[in-house]
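One-letter residues, chain by chain:
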Amino acid sequence: MSFGYQVLGFGSGGVAAVANFTYLLVAGGGGNGAFVAAGGGGGFRTTYPGGTEIEVSAGSTITVGAGGSGAASGTNSSIVGTAGLTSSTGGGRGETYGVSPGGAPGGSGGSSGIQPNAAGEGNAGGYSPVEGYDGGICGHPRGQGGGGGGATGAGTASSDNGGSGGAGAQSSITGSALAYSGGGAGGGHMANSPGSPGGSGGGAAESNATGYGGGAGAAKQNQAPFDGSDGRVFLRCPNATTISVTPGSNSVATDGSDNVATFNVTGTISF
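Residues numbered from 1 in each chain as written. Predicted model: local features only at pLDDT ≥ 70, side-chain atom pairs only at ≥ 80, totals over all residues. Heavy atoms only, no water.

Participant: For this particular structure, what's the right way to read the sheet that holds strand E7 (residues 84-88)?
Facilitator: Adjacent strands of a sheet form backbone hydrogen bonds with each other and so pair up, either parallel or antiparallel. The five strands are arranged E7-E6-E5-E14-E11 in an open sheet whose pairing can be described as antiparallel. A strand with exactly one partner marks an edge of an open sheet, and here the two such strands are E7 and strand E11 (244-246). Within this sheet the neighbouring strands show an average axis-to-axis angle of 25 degrees, counted without direction. Relative to strand E6 (residues 77-81), strand E5 (residues 60-63) is paired through two bridges, and the arrangement is antiparallel. Bridging from a neighbouring strand, threonine 63 pairs with serine 78 of E6. (Pairing = 2+ DSSP bridges. Helix = DSSP H or I, 4+ residues; strand = E, 2+ residues; numbered from the N terminus. Axes fitted to C-alpha atoms, helices over the stretch in contact; angles between N-to-C directions.)

The following block contains the structure:
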């Protein structure tokens, strides 16, 4: 891991500082789609611990993806680095009955709620390692919803009950182990059968997603749709580099010998 930062650009009318970071990018989770189908978790991409660092210039924009509002997919999170944009993909929305057939693709895919419609595919960004997995299909003729895909596993197909959400991924980049980007829980037909669990970091049936980048849980028939949760972006570097972030809802903390910048909303980083 690199220490300190470099100052570049002398003689060009300005000075641009650059620093190297490991990162965690969590995109916004998908909404559930206003029916029994669940949203997929937001894309999960990380180089912590020990992975390839990204070089970032002071003043660069860090974008935090929003969770899908109702029957909408989540939006991407990204870091503007000196070599270009590094992104994770918003989670796919669940199928919306009579409006949007099948689950949508995304970082992790949204599920389907009607046979024989397809679930959304995960890893929409085509990354290696993958940023997420496929949503689960409707596996029951009465229309039980599959589970939304998660960062470490696909949503399961529904049978008599709704499908379970795919598991999220755990990271300790902040110093505390937390789960991110779980898939939402699929719902039972007309609430005559219970929904199954959401993936770690994903929404339970009939609920908005909590945590970071989780897909929304299923709704009952004729119930308003539920929302995916917003993503987060974390940047970590040795504390020989002093960093600051804007706006004030973002923060910098120390963990051991490192500084960790947490972006709750879109902002900038300086050092």
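Participant: Teacher, can you tell me more about the side chain of arginine 93 here?
Facilitator: Locating arginine 93 in the fold gives a position in the loop between E7 and strand E8 (169-171). As a buried residue without a salt bridge, arginine 93 has its nearest oppositely charged side chain in glutamate 95, at a separation of 7.2 Å. (Buried < 20%, exposed > 50% of the residue type's maximum accessible area, 1.4 Å probe, protein only. Lys, Arg positive; Asp, Glu negative; His and termini not counted. Salt bridge = Lys/Arg side-chain N within 4 Å of Asp/Glu carboxyl O.)

Participant: Would you take a moment to explain the pattern of salt bridges for this structure?
Facilitator: Oppositely charged side chains may form a pair once their charged atoms are brought near each other. As enumerated under the stated definition, the model contains two salt bridges in all. Between arginine 236 and aspartate 255 there is a salt bridge; the shortest N-O distance is 2.9 Å. Linking arginine 236 in strand E10 (residues 232-238) with aspartate 255 in strand E12 (residues 251-255), this pair joins segments that are 19 residues apart in sequence. Among the residues examined, aspartate 255 registers a relative accessible area of 26% and is labelled partly exposed. With a closest N to O distance of 2.8 Å, aspartate 258 and arginine 236 form a salt bridge. A residue pair is termed long-range when its members are at least 10 positions apart, and aspartate 258 in strand E13 (residues 258-263) and arginine 236 in strand E10 qualify at 22 residues. Relative accessible area serves as the criterion here: at 10%, aspartate 258 is assigned to the buried category. One connected set of salt bridges, linked through shared partners, spans Arg236, Asp255 and Asp258.

Participant: How do you make sense of the pairing of E7 when you look at a structure like this?
Facilitator: Note that E6 and E7 share five bridges and pair antiparallel. Residue pairing for E7: serine 77 is matched across the bridge by serine 88. Here E6 folds back onto E7, and the loop between the two strands holds two residues.

Participant: What am I meant to see in the environment of threonine 75 here?
Facilitator: Among the structural elements, threonine 75 can be located in the loop between E5 and E6. Setting aside anything within four residues of it in sequence, one finds threonine 75 in contact with Ala27, Gly28, Gly65, Ala66 and Gly90. Of the polar contacts made by the side chain of threonine 75, one reaches the backbone nitrogen of alanine 66; its length is 2.7 Å. (Contact = heavy atoms within 4.5 Å. Polar contact = N/O pair within 3.5 Å; in protein donor to acceptor, adjacent residues only side chain to side chain.)

Participant: Is there a simple way to explain the environment of serine 111 in this structure?
Facilitator: Residue placement: serine 111 occurs in the loop between E7 and E8. The exposure class of serine 111 is buried, given its relative accessible area of 0%. Sequence separation between serine 111 and glycine 267 is 156 residues, and the spatial gap between their C-alpha atoms is 32 Å. For serine 111, the residues in contact, after removing those within four places along its chain, are Ala37, Ala38, Gly94, Glu95, Gly102, Gly103, Ala119, Gly135, Gly136, Gly146, Gly147 and Gly148.

Participant: Where do I start with the layout of surface pockets in this structure?
Facilitator: Taking a probe equal in size to a water molecule and rolling it over the atoms shows the remaining empty space. Put simply, the largest pocket is a space of about 170 Å³. Taken together, Tyr23, Phe44, Arg45, Thr46, Thr47, Ser128, Pro129, Val130, Glu131 and Ala151 form the lining of the largest pocket. At three residues, the largest contribution of residues to the lining of the largest pocket is made by strand E3 (residues 44-46). (1 Å grid on protein atoms, 1.4 Å probe; cavity = no way out; pocket = protein on both sides within 12 Å on 5 of 7 lines; lining within 4 Å. Points joined across faces, edges and corners; volume = space filled by probe spheres on them.)

Purely geometric numbers; function is a separate question.
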